[in-house]
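So the chains spell out like this:
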Amino acid sequence: MTTTDRPLATVDVDRSDPAYRSWLKEAVRKVHADANRSADTHLLRFPLPDSWGIDLYLKDESTHPTGSLKHRLARSLFLYGLCNGWIRPGAPVIEASSGSTAVSEAYFAKLIGVPFIAVMPRTTSPEKCRLIEFHGGQCHFVDDSRTMYDEAAALAARTGGHYMDQFTYAERATDWRGNNNIAESMYEQLKLERYPEPAWIVATAGTGGTSATIARYVHYMQFDTSVCVADPENSCFFDGWLRHDPDATADCGSRIEGIGRPRMEPSFVPGAIDRMMKVPDAASVAAVRVLENVIGRKAGGSTGTGLWSALKIVGEMVAEGRTGSVVTLICDPGERYLDRYYSDEWLAGQGLDIAPYTAAIDRFLETGVWPE
Ligand SMILES: *Cc1c(COP(=O)(O)O)cnc(C)c1O
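Cut-off values and rules
Residues numbered from 1 in each chain as written. Predicted model: local features only at pLDDT ≥ 70, side-chain atom pairs only at ≥ 80, totals over all residues. Heavy atoms only, no water. Salt bridge = Lys/Arg side-chain N within 4 Å of Asp/Glu carboxyl O. Helix = DSSP H or I, 4+ residues; strand = E, 2+ residues; numbered from the N terminus. Buried < 20%, exposed > 50% of the residue type's maximum accessible area, 1.4 Å probe, protein only. Expected span 1.5 Å × (residues − 1). UniProt positions renumbered as here; feature names shortened; annotations may be inferred. Polar contact = N/O pair within 3.5 Å; in protein donor to acceptor, adjacent residues only side chain to side chain. Contact = heavy atoms within 4.5 Å. Domains from an automatic or database assignment. Buried area = accessible area lost by both parts, 1.4 Å probe. Nonpolar A, V, L, I, M, F, W, Y, C, P; charged D, E, K, R; others polar. Axes fitted to C-alpha atoms, helices over the stretch in contact; angles between N-to-C directions. Parallel < 35°, antiparallel > 145°, perpendicular 65-115°, else oblique.

(A) View of the pattern of salt bridges. For the structure shown, the criterion picks out 26 salt bridges. Between Arg 75 and Asp 34 there is a salt bridge, with the nearest N and O atoms lying 3.9 Å from each other. Of the two residues, Arg 75 is situated in helix 2 (residues 70-83) and Asp 34 in helix 1 (residues 18-37); the sequence distance between them amounts to 41 residues. Across the pair, exposure class does not vary: Arg 75 and Asp 34 are buried alike.

Structure representation (structure tokens):
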């Protein structure tokens, strides 16, 4: 892995220079053209017993060209940065990321021909680092994930680059009113289902951008859907939401990659969210292993966090005799985490015992009784 301390050429451009304007137009065109070549992600069914009268769906964000829901975010951030004049020809784009965003941003940086540097926790999975480098990006590691933001800003200042800052800009760079955002796409795909307006949508939060987009869209469209955010063990979002505390913090980094943050991120919009749930990390891993048995696909740990919460909500609906639909996400593919969530040695090393949670889900799927 390479570290960049060497300053790259500091580039400042004259915004009225026709050469810059034609570069900008071309860069924006390339990002649009990439979207135009892409298909929508599938809405898969998670089969439940017929007698329950409840349909559970998974929006499969692992099928984007860069393998995660961060493909949407990276596209939005690049367009926002380009249209704001922040991303300039020859100047690097720099990001603080736990990995997935950096993979997608490296892809878009290469697409428009600018250098890309990811500032990441040293614990980031080697597979994600490999993917960043595959897309032509560089990896720059920090030991304490809380220093990621300052390090990225400092690196941008040193290199004359642009610090993308997903944790600040995710919520505003995304078109929450529509433009085929993730929420609009879900509702389109549910149109011919027996319960086209879901009772619940369950998301997880890293930047908070996905849950903000979904919740805002629900309110904007005047739907009756409730939005739940599932939070892993090492994260402050749940406490911050519960106590209305914008200064909530968590001490150690999340073991569920992509979600769970040590500070209340500016892109996390607690007021738009109806409910939050704290999910034990072992339950997240158990759920994602069950998912593989049920739909034949591996997914990352955050998918398990959302699925555990969605199943719990389904259990509540069964108990109340309510019918309807629930939607959650497949955030990224499990192949990135074979040495983690799919490794029994890793689980043992982390002191995670998934057996009781696996048994609880299996029993629930047979009986309809949620075990908590
Ligand atoms: C980023 C991420 C999430 C959460 O999405 P946000 O929109 O950032 O809140 C969930 N799972 C994975 C794997 C992610 O990378």
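Read on for the rest.
(B) Highlighting helix 2. Spanning 14 residues, helix 2 covers 19 Å between terminal C-alpha atoms, matching the ideal 20 Å at 1.5 Å per step. Across the 14 residues that make up helix 2, a large majority, 12, are buried. For helix 2, every residue scored as buried is listed here: Lys 70, His 71, Arg 72, Leu 73, Ala 74, Arg 75, Ser 76, Leu 77, Phe 78, Leu 79, Gly 81 and Leu 82. Positioned one or two residues after helix 2, Gly 85 has a phi angle of 75 degrees, which is positive.

(C) Representation of the UniProt feature "domain: Tryptophan synthase beta chain-like PALP" (unreviewed entry) in the protein chain within the structure. Look at the UniProt record and you will see "domain: Tryptophan synthase beta chain-like PALP" (unreviewed entry) annotated at residues 41-332. End-to-end, the C-alpha atoms of residues 41-332 are 12 Å apart, and along that stretch the chain is 40% helix and 17% strand.

(D) Focus on the side chain of Thr 66. Looking at where Thr 66 falls in the secondary structure, it is placed in the loop between strand 2 (54-60) and helix 2. For Thr 66, a relative accessible area of 3% puts it in the buried group. A polar contact of 2.8 Å, which involves the side chain of Thr 66, links it to the side chain of Ser 104. Ignoring any residue separated from it by four or fewer positions in sequence, one finds Thr 66 in contact with His 71, Val 103, Ser 104, Tyr 107, His 135 and Arg 336.

(E) Structural view of the domain arrangement of the protein chain. Entries for the protein chain in the domain assignment read domain 1 (37-66 + 182-366) and domain 2 (69-170). For domain 1 and domain 2, the distance between their C-alpha centres works out to 25 Å. Taken together, the contacts link 32 residues of domain 1 with 29 residues of domain 2. Summed over the three residues of domain 1 that lose the most area to domain 2, namely Thr 66, Thr 207 and Arg 336, the buried surface amounts to 27% of that side. In this structure, the connection of domain 1 to domain 2 is made through 3 salt bridges. A salt bridge links Asp 40 to Arg 72; the nearest nitrogen and oxygen atoms lie 3.9 Å apart. Applying the counting rule to domain 1 against domain 2 returns 15 residue pairs in polar contact (both at pLDDT 80 or more). In the side of domain 1 that touches domain 2, the residues fall into 7 nonpolar, 11 polar and 14 charged.

(F) Representation of the environment of Glu 233 within the structure. Here Glu 233 shows up in the loop between strand 8 (226-231) and helix 9 (237-242). In this structure, the C-alpha to C-alpha distance between Glu 233 and Ser 185, residues 48 residues apart in sequence, is 30 Å. Apart from residues lying up to four places away in sequence, Glu 233 is in contact with Arg 255, Lys 278, Val 279, Pro 280, Asp 281 and Ala 282.

(G) Examining the packing of helix 2 against helix 6 (residues 166-173) more closely. Packing of helix 2 against helix 6 leaves a shortest axis separation of 9 Å and a crossing angle of 90 degrees. Taken together, the axes of helix 2 and helix 6 are roughly perpendicular relative to one another. Residues Lys 70, Leu 73, Ser 76, Leu 77 and Tyr 80 of helix 2 form the contact with helix 6, whose participating residues are Gln 166, Tyr 169, Ala 170, Arg 172 and Ala 173. In the contact of helix 2 with helix 6, the residues fall into 6 nonpolar, 2 polar and 2 charged.

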